[in-house]
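Residues per chain are reported as follows:
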Amino acid sequence: MMRGMFTPTRAVGLETLGLFVPHAGLDYTRDRNHDTGPSRENVSGLSPYLRHRLLTEREVVSAVLERHRFGACEKFVQEVFWRTYWKGWLEQNPEVWRRYRRDVAELGLASDTRSGGYREAIAGHTGIDAMDAWVRELVDTGYLHNHTRMWFASIWIFTLGLPWQLGADFFYRHLLDGDAASNTLSWRWVAGLQTAGKTYLATASNISRYTEGRFSPSGLATSARAIIEEPLPTRAPIAPAESTPLGARVGLLLHEEDLDAASLRAEFSWLDSNSRLVAIAGSTDPDERSPSGASDAVRRFTASALDDAAKRALDALGRPARVLPDALPSTVLKWAESERLDTVVMPNAPVGPVQQRMLTLGAALASEGITVTIVRRRWDTLAWPYAARGFFPFRERIPELLRQQGL
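Residues numbered from 1 in each chain as written. Predicted model: local features only at pLDDT ≥ 70, side-chain atom pairs only at ≥ 80, totals over all residues. Heavy atoms only, no water.

J.: Just to check I follow, could you spell out unusual backbone geometry for this structure?
T.: The backbone phi angle of Arg 53 is positive, close to 50 degrees, even though this residue is not glycine. What makes Arg 53 buried here is its relative accessible area of 4%. One non-glycine residue, Arg 340, lies in positive phi territory at about 55 degrees. By the secondary structure assignment, Arg 340 is in the loop between helix H15 (329-338) and strand E4 (343-347). Arg 340 gets classed as exposed once you look at its relative accessible area, which sits at 58%. (Buried < 20%, exposed > 50% of the residue type's maximum accessible area, 1.4 Å probe, protein only. Helix = DSSP H or I, 4+ residues; strand = E, 2+ residues; numbered from the N terminus.)

J.: Explanation requested: empty space enclosed by the protein in the structure shown.
T.: Rolled over the atoms, a probe with the dimensions of a water molecule shows which regions are left empty. Tallied over the entire structure, the rule returns four cavities of 30 Å³ or more. Each pocket or cavity is described by its volume, and for the largest cavity that value is around 70 Å³. In terms of lining residues, the largest cavity is bounded by Arg 51, His 52, Tyr 172, Glu 256, Glu 257, Asp 285, Pro 286, Glu 288, Arg 289, Thr 302, Pro 353 and Val 354. Of the residues that constitute the lining of the largest cavity, the class distribution is four nonpolar, two polar and six charged. (1 Å grid on protein atoms, 1.4 Å probe; cavity = no way out; pocket = protein on both sides within 12 Å on 5 of 7 lines; lining within 4 Å. Points joined across faces, edges and corners; volume = space filled by probe spheres on them. Nonpolar A, V, L, I, M, F, W, Y, C, P; charged D, E, K, R; others polar.)

J.: So what exactly am I meant to see when it comes to the pattern of salt bridges here?
T.: Side-chain pairs of opposite charge can arise where the charged atoms are in close proximity. Within this structure, the stated rule accounts for 34 salt bridges. Of the charged contacts, one joins Asp 258 and Arg 377 as a salt bridge, the two residues approaching to 2.8 Å between their closest N and O atoms. Taken as a pair, Asp 258 in the loop between strand E1 (250-254) and helix H13 (261-267) and Arg 377 in the loop between strand E5 (371-375) and helix H17 (378-383) lie far apart in primary sequence, 119 residues in all. No difference in accessibility class separates Asp 258 from Arg 377, as the two residues are buried. Salt bridges sharing partners connect three or more residues here, namely Arg 53, Glu 57, Asp 258, Glu 267, Arg 377 and Asp 380. (Salt bridge = Lys/Arg side-chain N within 4 Å of Asp/Glu carboxyl O.)

J.: What is the right way to read the layout of surface pockets from this model?
T.: Volume-wise, the second largest pocket comes out at about 410 Å³. The set of elements that each furnish at least two residues to the lining of the second largest pocket consists of helix H16 (353-367) and E5. When residues of the lining of the second largest pocket are assigned to their parent elements, the largest contribution, four residues, is made by H16. Of the residues belonging to the lining of the second largest pocket, the class tally is 14 nonpolar, three polar and three charged.

J.: Sorry, what's going on with the sheet that holds strand E3 (residues 322-323) here?
T.: The strand order across the open sheet formed by five strands is E3-E2-E1-E4-E5, and the pairing between neighbours is parallel. Edge positions in the sheet fall to E3 and E5, since each of these pairs with one other strand and no more. Bridge count between E1 and E4: three bridges; the pairing is parallel. Along E4, the bridge assignment pairs Val 250 with Thr 343. H16 contacts E1, E4 and E5 of the sheet and is inclined by roughly 170 degrees relative to E4. (Pairing = 2+ DSSP bridges. Contact = heavy atoms within 4.5 Å. Axes fitted to C-alpha atoms, helices over the stretch in contact; angles between N-to-C directions.)

What follows is the structure, encoded as structure tokens:
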């Protein structure tokens, strides 16, 4: 169970999973919305490991279903699928991400936005005891309870009157489990953009109830006007997964969206056929999250997660993966040329900074005659097409998706 700190290794992720599994059924369903403070034990604490795929969604859900009936652990399984849903939705609506990034850049450059309420908010000096405590917790631990994230976003938008985009950026810079889809779309949901016209308004009574009286802030907004936006373009189709590469010398390049080489090799067995996987490397750039860069905690966590992944990822000669000093195309190209690779395989990255980096990298490698193959896990390929509408229609598909996964 979560006890306030996260160690970015697969071994600790598995230990955390083992501690949580007995409580993933009725205990979680009953207590999950309560936030008793940073050392909380009523939630799994698995999100930073899932976010980087130090643990995979399939293995987490599988472990829970081995212990509990689906009906008993359905709430937890749904929470795992929420992240999958958000990614699939953003994959089909990438304009939402482009607008968000543009807005953050423009708002961040506006000197009047950076003054006053915004600076006070991110420094934890709003005068609202709950908000100020949550800012400190986020900055100190890289984590906030999911219910608290909703309260925080609501107060930021409707009580403090600050741009939702800058709140989402603040979260994204500091959350160890922050990913482009879950973070951006959750803030949009609170603001009334994700489900058009439907906002989320935090109340003192709800906060008091679920923090067990720790906080009961006064002066919160009593009404929430939904933010409006220009209509989105037609949904983009989910791109088909790429076929098996035919290269004789294949390299696997890991990144912060997917760091478990072993399960990738198990799912895409051709990676090991005829000992073609002659090299593995990994690179990360957490500062791509924001124009302001990532927090020190996020940088450390991401770098340590990559180091852990590299030690566990052995190529055909038994060598651990090489940790590249940066994610620049020139650095990756130098690695590929030193290993005489004709193909570089990368796990798919959903819409977000890493996907953009991969597009740039793919073009650079292709210009040098190196084939680039992107592999998408079956978990995403099966689920993402059903994320075209709201979560409730998607939720109805979860039992079918579990059967398709053999769970």
